[in-house]
Structures are given as structure tokens and as C-alpha cells.
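In case you want the letters, here they are:
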Amino acid sequence: MSLKHRVYGFIFNIFRIFPIKENSISFVSDKNESFNDDFRYIYREFKKLKHNPDFSYNYIIKNKISINNIYKLARSNYIFLNDNFFPLAYMNISDKTKVIQLWHGAGGFKKFGYSTTLKEDKDLINLIRKSSNKTDYLFITSKNYKKDFMEAFQIDADKIYPLGMARLDYFAPENLKNENVLKIKSKFEKTYPDIKNKKIILYAPTFRETAEYNNIFRYFDIKKFNDNLSDEYVLFLRLHPKMYQFGQDNNLIDEALKLDNVYDLTDYESIEELMLISDILITDYSSLMVEYTILDKPIILFAYDLDNYLKYERGFYIDYKKDVPGTIVKTTDELINTIKNENFNTDRLEEFKNLQFDNLDGKASRRIVEFVLNHNKM
């Protein structure tokens, strides 16, 4: 892997003979050559600017060695990241180029980066540190987790700014109004008429490194769940894409999707819309839980493998058992009873949300873009 990063950096450095193209912006993504997530909101904010020259935009797939894309990246005035990009460690970045890390996980929840790296893995640690040395700004959602991000990225404190997360501008106060929610739900009801007059449960489990526990429907008896709750609820599934690669039994998924009141929304474009129209979130160790607290709605943590996860997986920056803003359950029966009895344990929700977010005014994208432009003039 390091060789590929070195090759990428080598090609980039060759193209550094060309001058930086003023007002050229590159978004480095692991998905596709288009806007996604935070990048969409940053792009929109640049387009709103009235007193700046036109910007040009490039969309770079980070794991693809494309000569044309590396050429564009080498000439970029601004480089936006939302994940690790280890070729950065080997790139000679111009003083005229600003590298901006938006990071894709809200708040401080699951450990990542250096925090989960074996101390004997010197090569990876070196990559993390060199990449952070080339990063100009890292934007996070709260000052409360600045030390955690300093550790994870091995980055200096003066590069971290708690200005918010761009894509969470979707949850601006005006978008949370009841009429907007009803409008979006009405759209879903036209596609899925059977959900009308029912409450929506969104189930969004995360990926596990331990393959056997990715087979979620061995632990979640979805038929029993449906038999007990289908009169009042429908279930929207939002599965992690890596589950299909590591341990998932696709036959069990197929069986689950044959059930009435169960809908696979894994490929639906906007997770924010699904969150907005749902009434309850069921997850486990996903940072989606952090974002869902914005909506002040019940969260259930279906952590059927909690002991294994705490012992062998990434770990957390919080005390999971004490601090999560919802009810922890380990079996389908516990899950059903929690919903039936509305035992949602929301006492910690407001405090948790306030720790995770300094500002939820829907203007994070504006703050980030204005900050980057103003600091580039200094």
C-alpha cells in the first residue's frame, strides 16, 4: 500500500513544475467523481459567493492513479479531504495550496487513526503524521473533542477548528420544521404506500472487523421483530456496504426483504432524509448515532456483540455503557420490549448532543468556506 502512495506522490511532484491554478478546487473522495456528503455543501457555498472570481472544480477518486487527476490535484489552490489520504505524505505541497480535512465522522465517538494503530506499526504511524504535517486545517464539530482529534491525526492543536460539519447543515432549524418533514414523508409514501399511517424505524448497523458479527440477521430475528411490531411500525434498513464483503449471509438478507413492512434503503442517496422522517433509530457503534441526537428522537443501541466489540474492535473516546444517549439492548426480545414499552432512556440525549456539537445553526459550510478564503489571503 505504501508503494502505491509513494508512486502517487512521485507523479504529483513531477506535475509541481506547473504553476498553481488560482481558484482551482479539488475534492478527494473514495466514492466517485461527483459531489457527495460534505463536498456538496462546500461546493454550494462557493457557488453562493458574490465577490469572488469563478472557481473551477475537480473530483478526484483517491485510490485511483489517474495521470489527469493527479495533474489537476498538483495545480489545485484548495484540496478538500473527508477521509485519510496517505499519498499526501509523499506530496510536495505548494505554499499556495491549502489542504483542508473535513473528516466524515461527526463528534468524538469511535476511535480512529493513530488511536487504533498498533504502536509497533511504525510505517502507518509515519504515514498518519506526515499526512497531518501537510494538512493546513482540520474542521470538527466541537472543541470538547479537540484532544481526541489531535491524537487520532497526530496533528497540532493550532490546525484544528470547531466550526462544524458541512453536511449537517441539512439539519438547519428551518429544515426541521414539521411541514418540511411531512413533505419528505409524503414523497416516500408515494413510492411505498404501505408505510402510510405507520411509524418508521431506521436500522443502520455499522461494520465490524470480526466477520462473524457482520452477519446481523443471525442476531436480529427480523421475523419476530416484524410479527410483534408491524401493526404500528415499518422498518427501513440501511446496511453498511462492507457487510456484503465480510461475513454477511446474503440469503438471510434476501429472506428479511421478503417480509412485509421491511424496506431496503441501503442505496438511497440521502441518509439525512431517512433520519428526518424516521421516528426511532436502531444502530450499534455507528457515528450516525451522534448525528441523530440533533433530532431529539429515540435511539436504541442493538449491541449484540458488545463484549467482543469492546475487547477486539476499535474502541471509543467515551464510556460506551455509561455515556451513549439511548437504551442498550443485546437481544431481539429486549429490542422489541424497549420499543413496545417506550423505554428509550433519553435522559442523556441533550447533554450528549451539547458535548458533540458547539453550533447547529445550519451555517457550518459558510463558516468553513469563509475561514479558508480569509486565511488564504494572510
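Above this note sits the structure.
These numbers come from a predicted model, not from an experiment.

## Looking at unusual backbone geometry
Point 1. Backbone geometry places Gln154, a non-glycine residue, at a positive phi of 55 degrees.
Point 2. The topology assignment puts Gln154 in the loop between α5 (146-153) and β6 (160-161).
Point 3. Phi is positive for Glu342, close to 55 degrees, though the residue is something other than glycine.
Point 4. Residue position: Glu342 is located in the loop between α13 (332-340) and α14 (349-356).
Point 5. With a relative accessible area of 52%, Glu342 lands in the exposed category.

## What about the packing of helix α1 (residues 2-15) against helix α3 (residues 67-74)?
Point 1. Packing of α1 against α3 leaves a shortest axis separation of 8 Å and a crossing angle of 60 degrees. Taken together, the axes of α1 and α3 lie oblique to each other. Considering the relative orientation of α1 and α3, their crossing is right-handed. Along its contact with α1, which presents Tyr8, Ile11, Phe12 and Phe15, the element α3 presents Ile67, Ile70, Tyr71, Leu73 and Ala74.

## With respect to the sheet that holds strand β9 (residues 262-264)
Point 1. Spatially, six strands are ordered β9-β8-β7-β10-β11-β12 in an open sheet, and the strand pairing comes out parallel. A strand with exactly one partner marks an edge of an open sheet, and here the two such strands are β9 and β12 (327-329). Between one strand axis and the next, the sheet turns by 25 degrees as a mean value, whatever way the strands run.
Point 2. Judged from the three bridges that link them, strand β10 (residues 280-283) and strand β11 (residues 299-302) form a sheet pairing that is parallel. Residue pairing for β11: Thr283 is matched across the bridge by Leu301.
Point 3. On the sheet, helix α7 (residues 222-229) packs against β7 (199-203), β8 (233-237), β9 and β10 and is oriented at approximately 150 degrees with respect to β8.

## Section: the pattern of salt bridges
Point 1. Per the stated rule, a full pass over the model turns up 17 salt bridges.
Point 2. Across the pair Glu272 and Arg167 runs a salt bridge, and its minimum N-O distance is 3.7 Å. Note that Glu272 is positioned in helix α9 (residues 271-277) and Arg167 in the loop between β6 and α6 (178-191), a separation of 105 residues in sequence. Here Glu272 and Arg167 have matching classes, each one buried.
Point 3. For Lys223, the salt bridge identified is with Asp227, shortest N-O distance 3.1 Å. With Lys223 and Asp227 both in helix α7 and four residues apart, the pair spans about one turn of that helix.
Point 4. According to the relative accessible area criterion, Lys223 is partly exposed, its value standing at 48%.
Point 5. Shared partners join several salt bridges into a network, and the residues in it are Asp38, Arg167, Glu272 and Glu291.

## Re a nonpolar patch on the surface
Point 1. Judged by side-chain polarity, Leu3, Val7 and Ile65 come together as a nonpolar surface patch covering roughly 260 Å² of accessible area.
Point 2. Structurally, Ile65 is set in the loop between β2 (56-61) and α3.

## Observations regarding α3
Point 1. Considered for burial, the residues of α3 that qualify are Asn69, Ile70, Leu73 and Ala74. One face of α3 carries all of its buried residues, which in axial projection span an arc of 135 degrees.
Point 2. Buried residues in α3 make contact with α1, β1 (24-29), β2 and β3 (78-81).

## What about the packing of aromatic side chains?
The geometry of two aromatic rings is summed up by the distance between their centres and the angle between their planes.
Point 1. The final tally for this structure, using the stated rule, is 44 aromatic pairs.
Point 2. Here the aromatic rings of Phe15 and Tyr71 are separated by 5.3 Å at their centres, their planes lie at 80 degrees, and the arrangement is edge-to-face. Of this pair, Phe15 sits in helix α1 while Tyr71 sits in helix α3; the two residues are 56 residues apart in sequence, bridging distant segments of the chain.
Point 3. Judged by its relative accessible area of 15%, Phe15 falls in the buried class.
Point 4. Centroid distance Tyr161 to Phe371: 4.4 Å. Interplanar angle 55 degrees. Geometry classified as tilted. Separated by 210 residues along the polypeptide, Tyr161 in strand β6 and Phe371 in helix α15 (residues 364-376) bring together distant segments of the chain.
Point 5. Above the ring of Tyr41, the side-chain terminus of Arg44 is found at 5.1 Å from the ring centroid.

## Observations regarding the sheet that holds β2
Point 1. Pairing in this open sheet of six strands is parallel, and the strands run β2-β1-β3-β4-β5-β6 from one edge to the other. Because the sheet does not close on itself, it has two edges, and the strands there are β2 and β6.
Point 2. Here β1 pairs with β3 via four bridges, running parallel. Opposite Ser26, over in β3, you have Ile79 as the bridge partner.
Point 3. Across the sheet, helix α2 (residues 38-48) touches β1, β2 and β3, and the angle it forms with β1 is around 170 degrees.

## Digging into α6
Point 1. The first and last C-alpha atoms of α6 sit 20 Å apart over 14 residues, in line with the 20 Å expected at 1.5 Å per residue.
Point 2. Each element contacted by the buried residues of α6 is listed here: β7, β8 and α9.

Cut-offs applied
- Residues numbered from 1 in each chain as written.
- Predicted model: local features only at pLDDT ≥ 70, side-chain atom pairs only at ≥ 80, totals over all residues.
- Heavy atoms only, no water.
- Helix = DSSP H or I, 4+ residues; strand = E, 2+ residues; numbered from the N terminus.
- Buried < 20%, exposed > 50% of the residue type's maximum accessible area, 1.4 Å probe, protein only.
- Axes fitted to C-alpha atoms, helices over the stretch in contact; angles between N-to-C directions.
- Parallel < 35°, antiparallel > 145°, perpendicular 65-115°, else oblique.
- Left-handed = near helix turned anticlockwise from the far one by under 90°.
- Contact = heavy atoms within 4.5 Å.
- Pairing = 2+ DSSP bridges.
- Salt bridge = Lys/Arg side-chain N within 4 Å of Asp/Glu carboxyl O.
- Patch = residues over 30% accessible without salt bridge, like charges linked within 9 Å, V, L, I, M, F, W, Y side chains within 5 Å.
- Areas by Shrake-Rupley, 256 points an atom, 1.4 Å probe, with all protein chains shown as cover.
- Arc of directions from axis to C-beta.
- Phe/Tyr/Trp six-rings, centres within 6.5 Å; stacked < 30°, edge-to-face > 60°.
- Lys NZ or Arg CZ within 6 Å of the ring centre and 35° of its normal.
- Expected span 1.5 Å × (residues − 1).

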